[in-house]
Amino acid sequence: MALADISERIANAELAAGRDAGSVQLIAVSKVQPNERVASVLEEGHRCFGENKVQEAGGKWPDFRETYDGVDLHLIGPLQSNKARQAFELFQSIHTLDRPKLATTFARLAQEMGYCPDMFIQVNTGEEPQKAGVMPREVDAFVAECVSLDLPVKGLMCIPPVEEEASLHFALLAKMAKRNGLSCLSMGMSSDFERAISFGATHIRVGSAIFGDRVPN
Ligand SMILES: *Cc1c(COP(=O)(O)O)cnc(C)c1O
């Protein structure tokens, strides 16, 4: 079973890194996957999932939640401010806080709604022009700004450039989180989650290794 297999590899990586058992949260990235595959992972008892689009998540998770209790949903894709309210309603964590406008929108919604999802600030560790995320040199100021808005910032998130050694990016993200007093690190995907765990990942986002290749709609 793919889920059991991944869980075992996570446990081994925790052990190898001298980390506590269970200290790494597996976010099963279910974007674009057929509902039957998602349901079978839910049937196995897994409850933590990631989606990259608000609309797609809104189309399937309210139904799954009627059948399965305790679903913990993470937004891992870019968010437009005009979808922030819907994101608040669907997700327990948002990994893609990456600009002041979104931060002020979240702060306003948190006031209005009386709760706020956990926040991760996305960092563009590779400084890639096409990629979302704050630049490494802007991280400290942006964390401070979000904290001053009372947002529950838990940690940092990155998606390393595909053609580069991911370890360098994981190490950089860990260093930036540490100096800002943030305890969570959202990093590592199907191809590199064990390495991410060795660099301190607390949240890994694994899709195809659990569900199989994504079938485009
Ligand atoms: C799709 C996606 C993942 C999962 O990728 P896999 O290679 O299938 O594990 C992780 N993080 C983000 C931000 C994604 O968009």
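In this text, all values refer to a predicted model and were calculated from it rather than measured experimentally.

Undergrad: Looking at this structure, how should I read the confidence of the model for the chain?
TA: The predicted coordinates of low-pLDDT regions are not to be read in fine detail. With 99% of its residues at a pLDDT of at least 70, the chain reaches an overall mean of 97. When the elements of the chain are averaged for pLDDT, helix α9 (residues 208-211) gives the smallest value, 96, and strand β7 (residues 184-186) the largest, 99.

Undergrad: Hey, could you run me through the site of the ligand in this one?
TA: Taken together, Val-29, Lys-31, Ile-76, Ile-159, Met-189, Ser-190, Arg-205, Val-206, Gly-207, Ser-208 and Arg-214 are the residues near the ligand. The side chain of Arg-214 places a nitrogen or oxygen atom 2.7 Å from an oxygen atom of the ligand. Across the complex, the protein chains shield 89% of the 390 Å² of accessible surface that the ligand would expose by itself. When grouped by side-chain class, the residues that make up the shell around the ligand number 5 nonpolar, 3 polar and 3 charged.

Undergrad: I tried to follow the side chain of Asp-192 on my own but got confused; where do I start?
TA: Structurally, the position occupied by Asp-192 is in the loop between β7 and α8 (193-198). Excluding its chain neighbours within four sequence positions, the residues that come into contact with Asp-192 are Ala-166 and Phe-170.

Undergrad: Just to check I follow, could you spell out the pairing of strand β4 (residues 93-97) for this structure?
TA: Residues in a regular strand project their side chains so that they alternate between the two faces of the sheet. The element β4 is largely enclosed, with a buried count of 5 among its 5 residues. In terms of strand pairing, strand β3 (residues 72-75) meets β4 through 2 bridges, oriented parallel. By the bridge assignment, His-74 is partnered in β4 with Ser-93. Where the polypeptide runs from β3 across helix α4 (residues 84-90) and back to β4, its parallel neighbour, the crossover connection is right-handed. Examined bridge by bridge, β4 and strand β5 (residues 118-122) share 3 bridges and lie parallel to one another. Counted as the bridge partner of Ile-94 is Met-119 from β5. For the crossover that starts at β4, traverses helix α5 (residues 100-113) and ends in the parallel β5, the hand is right-handed.

Conventions and cut-offs
Residues numbered from 1 in each chain as written. Predicted model: local features only at pLDDT ≥ 70, side-chain atom pairs only at ≥ 80, totals over all residues. Heavy atoms only, no water. pLDDT = per-residue confidence, 0-100. Helix = DSSP H or I, 4+ residues; strand = E, 2+ residues; numbered from the N terminus. Near = heavy atom within 4 Å. Polar contact = N/O pair within 3.5 Å; in protein donor to acceptor, adjacent residues only side chain to side chain. Areas by Shrake-Rupley, 256 points an atom, 1.4 Å probe, with all protein chains shown as cover. Nonpolar A, V, L, I, M, F, W, Y, C, P; charged D, E, K, R; others polar. Contact = heavy atoms within 4.5 Å. Buried < 20%, exposed > 50% of the residue type's maximum accessible area, 1.4 Å probe, protein only. Pairing = 2+ DSSP bridges. Right-handed = clockwise from strand over helix to strand, strands pointing away.

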